[in-house]
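Here are the chains, one letter per residue:
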Amino acid sequence: MESNADTSLSRAETKKMEPGTTWRKTLLVLNCLLLTGGNCGGPLILRLYFIRGGKRVWLSSWIQTAGFPITLIPLFVSYMHRRRSAAHCHATATTKLFVMKPWVLAASIIMGILTGLVDYFYSYGIARIPVSTSSLIVATQLAFTAGFAFLLVKQKFTAFSINAVVLLTVGAAVLALHTSGDRPDGESNKDYALGFVFTLSGTALAGFIIPFLELTYLKAKQVVTYTLVMEIQMVMAFFATAFCTVGMIINKDFQAISREAKQYELGETKYYLVLVGAAISLQGLFLGIGGVVYYGSSLLSGIIITVSLPVTELLAVIFFHEKFQAQKGISLFLSLWGIISYFFGEMKHNKKNICQTEDESERTRAVDP
């Protein structure tokens, strides 16, 4: 059981209580892989659902977070580990099943509802525009994440990060000026434009949620462990799913699932496999974001999402035979240029910090007798 002293621990002090540096790096890499895999696979599976006969936007929104019960498995393992540790230390207090405090719960509920809205925006967009286009739009999330990180968690900007934000924004603008070039057959200009706007709106809102998640870690007023990170992700996913469930009920999607499955081009069995595959893949993305924000930063999460997008675009062109016009090539080039600019700036910034730390250490040693 956590004591009152625990609530006064800062995030820096909390991290000292976590596993060593090597183990932390391992967990960071693992979460990066979850994030990358989910970010590449999730959109492709959702697009497969739509192009093969799926038409339910609220259902595809619901699927994006409906895999949250998977999180109960590592949470149960964590609970058993804490319980054994408490017994080994002869602790008298009862081990809590959940460690989340009311303030963190309230913040998680708000983020969960906003995530449900993002799910709907994104599903609406991916139902109407190709994956290769939506991926380039989602690349602008780094710009939104950087902006909100600056406002919420005082993320410092450099000339390189500003350059990256500008390039990503221009890349999205290039796509916006040529919105009809890859419009799917049978799709009206109005529906295509709405898909573009909804995808961009979801990207902007997602760019706000990730720094808000980092702010929640900073203001948690309790020990922030990876167990708490998983609890936050589970609560967020639960309320996002609940939000989309309401939409499904109003739209009568539950009654339509069996009928849609029978009419699905790939067959009824593969229809359900597509839905389950999307749920698992996107749950990995969801867990990966939380872990990367905790072990790294919200901006690092945005960077990884952006870096993985060219892979998604390439896979969409290969598997779905989507068009890849000149404006997409220009947008991709600007996005990659922005990403490289950001990484180069971060490398220079980190090298400068290391040099400053070494200089301070040398001065300290020179002053000490």
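What comes next is a walk through the structure. It should be emphasised that the depicted structure is a prediction, and the values quoted were computed from it without experimental measurement.

Looking at the overall build of the chain
Phase 1 of the analysis: A tally of helices and strands in the chain yields 15 helices and zero strands.
Phase 2 of the analysis: Of all 369 residues assigned to the chain, the portion counted as buried reaches 49%.
Phase 3 of the analysis: The long-range fraction of contacts in the chain, counting pairs at least 24 apart against all pairs at least 6 apart in sequence, stands at 85%.
Phase 4 of the analysis: About 18100 Å² of surface is accessible on the chain, with carbon and sulfur atoms providing 68% of the total.

Regarding empty space enclosed by the protein
To find the voids left in a structure, one rolls a probe of water-molecule size over its atoms.
Phase 1 of the analysis: Taken as a whole, this structure holds one cavity of 30 Å³ or more when the rule is applied.
Phase 2 of the analysis: Here the largest cavity is characterised by a volume of approximately 480 Å³.
Phase 3 of the analysis: Taken together, 26 residues line the largest cavity, and the ones lying closest to its centre are Val-118, Gln-141, Ala-206, Leu-285 and Ile-289.
Phase 4 of the analysis: Secondary structure elements with two or more residues in the lining of the largest cavity: helix H3 (21-51), helix H6 (102-126), helix H7 (131-138), helix H10 (189-218), helix H11 (226-251), helix H13 (268-295) and helix H14 (298-320).
Phase 5 of the analysis: A per-class count over the lining of the largest cavity returns 15 nonpolar, 10 polar and one charged.

Some details on the environment of Arg-84
Phase 1 of the analysis: Tracing the backbone through its elements, the reader meets Arg-84 in helix H5 (residues 72-88).
Phase 2 of the analysis: Looking at Arg-84, the relative accessible area reads 52%, which means it is exposed.
Phase 3 of the analysis: Spatially, the C-alpha atoms of Arg-84 and Thr-95 are 9.4 Å apart, while their sequence positions differ by 11 residues.

Digging into the nonpolar core
It is characteristic of soluble globular proteins that their nonpolar side chains tend to be buried jointly.
Phase 1 of the analysis: The biggest cluster of nonpolar side chains holds 78 residues, and the ones touching the most others in it are Tyr-49, Leu-59, Tyr-217, Ile-232 and Tyr-271.
Phase 2 of the analysis: Per element, the largest residue contribution to this core is 13 residues, and it comes from H13.

Digging into a nonpolar patch on the surface
Phase 1 of the analysis: A grouping of Ile-70, Ile-73, Phe-76, Val-77, Val-276 and Ile-280 is seen on the molecular surface, where their side chains present a nonpolar patch of about 570 Å² in accessible area.
Phase 2 of the analysis: Counting only elements with at least two residues in the nonpolar patch, the list comes to H5 and H13.
Phase 3 of the analysis: As for its position among the elements, Ile-280 is in helix H13.

Here's the deal with the packing of H10 against H13
Pairs of packed helices are described in terms of their axes, by the angle between the two and the distance that separates them.
Phase 1 of the analysis: Contact geometry for H10 and H13: axes closest at 10 Å, N-to-C directions at 55 degrees. Regarding the angle of H10 to H13, the classification is oblique. Both H10 and H13 take part in a crossing whose hand is right-handed. Across the interface between the two elements, Ile-210, Leu-213, Glu-214 and Tyr-217 of H10 pack against Ile-289, Gly-290, Val-293 and Tyr-294 of H13.
Phase 2 of the analysis: When grouped by side-chain class, the residues that make up the contact of H10 with H13 number six nonpolar, one polar and one charged.

Structural notes on the environment of Val-246
Phase 1 of the analysis: Within the secondary structure, Val-246 sits in helix H11.
Phase 2 of the analysis: Along the sequence, Val-246 and Trp-62 sit 184 residues apart, while their C-alpha atoms lie 9.7 Å from each other.

A closer look at the side chain of Thr-203
Phase 1 of the analysis: Within the secondary structure layout, Thr-203 lies in helix H10.
Phase 2 of the analysis: If we ignore the near neighbours within four places in the chain, the residues touching Thr-203 are Ile-137, Val-138, Thr-140, Gln-141 and Phe-144.

Looking at unusual backbone geometry
Phase 1 of the analysis: With a phi angle near 60 degrees, Lys-221 is a residue other than glycine that sits in the positive phi range.
Phase 2 of the analysis: Relative to the assigned elements, Lys-221 resides in the loop between H10 and H11.
Phase 3 of the analysis: Its relative accessible area of 62% is what places Lys-221 among the exposed residues.

Some thoughts on the packing of aromatic side chains
Phase 1 of the analysis: Within this structure, the stated rule accounts for 19 aromatic pairs.
Phase 2 of the analysis: Note on Tyr-120 and Phe-198: the rings are 6.4 Å apart at their centroids and 70 degrees apart in plane angle, and the pair reads as edge-to-face. Pair noted here: Tyr-120 is in helix H6 and Phe-198 is in helix H10, with a separation of 78 residues, a long-range link.
Phase 3 of the analysis: On the numbers, 5.3 Å between centres and 80 degrees between planes, the contact of Phe-148 with Phe-208 is edge-to-face. Of the two residues, Phe-148 is situated in helix H8 (residues 141-153) and Phe-208 in helix H10; the sequence distance between them amounts to 60 residues.
Phase 4 of the analysis: With a relative accessible area of 26%, Phe-148 lands in the partly exposed category.
Phase 5 of the analysis: What links up through ring pairs into an aromatic cluster is the set Trp-58, Tyr-120, Phe-121, Tyr-124, Phe-198 and Phe-243.
Phase 6 of the analysis: A cation over an aromatic ring shows up here: Arg-128 above the ring of Tyr-124, its NZ or CZ 3.8 Å from the ring centre.

A word on the packing of H10 against H11
Phase 1 of the analysis: At a minimum axis separation of 12 Å, H10 and H11 run at an interaxial angle of 135 degrees. Compared by their axis directions, H10 and H11 come out oblique. In this structure, H10 meets H11 at a crossing whose hand is right-handed. For the pair H10 and H11, the contacting residues are Ile-209, Leu-213 and Tyr-217 in the first and Val-229, Ile-232, Gln-233 and Met-236 in the second.
Phase 2 of the analysis: For the contact of H10 with H11, a count of residues per class yields six nonpolar, one polar and no charged.

Here's the deal with the side chain of Arg-128
Phase 1 of the analysis: Along the chain, Arg-128 falls in the loop between H6 and H7.
Phase 2 of the analysis: A polar contact is formed between the side chain of Arg-128 and the backbone oxygen of Tyr-124, at a distance of 3.3 Å.

Each value, and the rule that gives it
Residues numbered from 1 in each chain as written. Predicted model: local features only at pLDDT ≥ 70, side-chain atom pairs only at ≥ 80, totals over all residues. Heavy atoms only, no water. Helix = DSSP H or I, 4+ residues; strand = E, 2+ residues; numbered from the N terminus. Buried < 20%, exposed > 50% of the residue type's maximum accessible area, 1.4 Å probe, protein only. Contact = heavy atoms within 4.5 Å. Areas by Shrake-Rupley, 256 points an atom, 1.4 Å probe, with all protein chains shown as cover. 1 Å grid on protein atoms, 1.4 Å probe; cavity = no way out; pocket = protein on both sides within 12 Å on 5 of 7 lines; lining within 4 Å. Points joined across faces, edges and corners; volume = space filled by probe spheres on them. Nonpolar A, V, L, I, M, F, W, Y, C, P; charged D, E, K, R; others polar. Core = buried A, V, L, I, M, F, W, Y, C linked by side-chain atoms within 4.5 Å. Patch = residues over 30% accessible without salt bridge, like charges linked within 9 Å, V, L, I, M, F, W, Y side chains within 5 Å. Salt bridge = Lys/Arg side-chain N within 4 Å of Asp/Glu carboxyl O. Axes fitted to C-alpha atoms, helices over the stretch in contact; angles between N-to-C directions. Parallel < 35°, antiparallel > 145°, perpendicular 65-115°, else oblique. Left-handed = near helix turned anticlockwise from the far one by under 90°. Phe/Tyr/Trp six-rings, centres within 6.5 Å; stacked < 30°, edge-to-face > 60°. Lys NZ or Arg CZ within 6 Å of the ring centre and 35° of its normal. Polar contact = N/O pair within 3.5 Å; in protein donor to acceptor, adjacent residues only side chain to side chain.

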